[in-house]
Amino acid sequence: MSKPFVAVLMGSDSDLPVLQSTMDVLKSLDIPFEAKITSAHRTPDVTHSYVKDADSRGCAAFICAAGLAAHLAGTVAGLTLKPVIGIPLDAGPLQGMDALLSTVQMPGGIPVATVAVGKAGAKNAGYLAAQILALSDPELATRIKTDREANAASVIEKDAKLQASL
Ligand SMILES: Nc1c(C(=O)O)ncn1[C@@H]1O[C@H](COP(=O)(O)O)[C@@H](O)[C@H]1O
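Computed from a predicted model, the values in this text were never measured in an experiment. (Residues numbered from 1 in each chain as written. Predicted model: local features only at pLDDT ≥ 70, side-chain atom pairs only at ≥ 80, totals over all residues.)

Asks: Explain the overall build of the chain to me, and be specific about the residues and the numbers.
Replies: Scanning the chain from terminus to terminus reveals 6 helices and 5 strands. Secondary structure elements of the chain, listed N to C terminal, follow the sequence β-α-β-α-β-α-β-α-β-α-α. Scaling as 2.2 N^0.38, a compact globule of 166 residues should have a C-alpha radius of gyration of about 15 Å, and the chain matches this with 17 Å. Residues counted as buried form 36% of the 166 residues belonging to the chain. (Helix = DSSP H or I, 4+ residues; strand = E, 2+ residues; numbered from the N terminus. Rg over C-alpha atoms; globule rule 2.2 N^0.38 Å. Buried ≥ 20, exposed ≤ 12 C-beta atoms within 10 Å, placed from the backbone.)

Asks: I'd love a proper account of the sheet that holds strand β2 (residues 33–37), names of residues and values included.
Replies: Strands in a sheet are paired, the pairing made by backbone hydrogen bonds, and the direction either parallel or antiparallel. The 5 strands lie next to each other as β2-β1-β3-β4-β5, forming an open sheet whose pairing is parallel. Of all strands in the sheet, those with a lone pairing partner are β2 and β5 (113–114), marking the two edges. Summarising the sheet, strand β1 (residues 5–10) and strand β3 (residues 59–67) pair through 6 bridges and their orientation is parallel. By the bridge assignment for β3, V8 is matched with I63. (Pairing = 2+ DSSP bridges.)

Asks: So, the site of the ligand: which residues are in play, and what are the values?
Replies: As a matter of local geometry, the ligand sits amid 17 residues, with G11, S12, S39, A40 and G67 nearest to it. Looking at side-chain class alone, the shell around the ligand contains 8 nonpolar, 7 polar and 2 charged residues. (Near = placed C-beta within 6 Å. Nonpolar A, V, L, I, M, F, W, Y, C, P; charged D, E, K, R; others polar.)

Asks: How would you explain the confidence of the model for the chain if you had to name every residue and give the values?
Replies: Residues with a pLDDT of 70 or more make up 99% of the chain, whose mean pLDDT is 98. The ipTM, which scores confidence in the relative placement of chains, is 0.99 for this predicted complex, and the corresponding pTM is 0.97. (pLDDT = per-residue confidence, 0-100.)

Asks: Describe the nonpolar core, listing the residues and the values that go with them.
Replies: Core analysis: the biggest nonpolar cluster contains 42 residues, and I63, C64 and A65 have the highest contact counts within it. Of all elements in the fold, only β1, α1 (16–28), α2 (44–56), β3, α3 (72–77), β4 (84–89), α4 (97–104) and α5 (119–134) reach the threshold of two or more residues within this core. In this structure, I63 is in contact with V6, V8, L9, T22, I85, I87, A125 and A129, ignoring residues within four places of it in sequence. (Core = buried A, V, L, I, M, F, W, Y, C linked by C-beta atoms within 7 Å. Contact = placed C-beta atoms within 7 Å.)

Asks: Would you mind going over the UniProt feature "binding site: substrate" (unreviewed entry) in the chain in detail, with residue names and values included?
Replies: Mapped onto this numbering, the UniProt entry annotates "binding site: substrate" (unreviewed entry) at S12, D15 and R42. Its location among the elements puts D15 in the loop between β1 and α1. Exposure remark for D15: the 20 C-beta atoms within 10 Å place this residue in the buried category. Excluding its chain neighbours within four sequence positions, the residues that come into contact with D15 are M10, A65, A66, G67 and L89. Looking at where R42 falls in the secondary structure, it is placed in the loop between β2 and α2. R42 sits in the exposed class, given 11 other C-beta atoms within 10 Å. (UniProt positions renumbered as here; feature names shortened; annotations may be inferred.)

Have a look at this one:
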């Protein structure tokens, strides 16, 4: 059986710079992933067939990012039983509030695990997908633990510098 992978979907190429944070996390934890530009609004048939196909090929979790009327994550969630993580993006005058509400306010029975708006959310989407995969991959769980320890060490080091400068 092929290794489970994460599918990273975005509504437009204009979302790509923010999604780089998601892909950086997945790469750093050595998680196989695919990335695709597809829109529930503009390319509904492509979105539908990609999700069905990825699902059948071993996709373990979908990450969906979109701005404005962000229906991509909800649409994907309706097409698969795999966990769907939604990243609302700031792509217009409402600064992501539109995307946040349209991603998070899913009707009962079709959940989208919604992370924060923008870059921090994009980063956490990668970590959340990693933690989902780590449920059945102890080596990945160890890599996540090491990453957290490095994160903590960096905060402690910054504090030590602050204390030394006072
Ligand atoms: N919200 C959606 C969907 C969707 O939900 O299917 N498809 C594209 N978009 C979003 O429209 C914004 C502007 O897109 P353009 O920059 O291409 O005009 C992007 O943030 C995209 O995610």
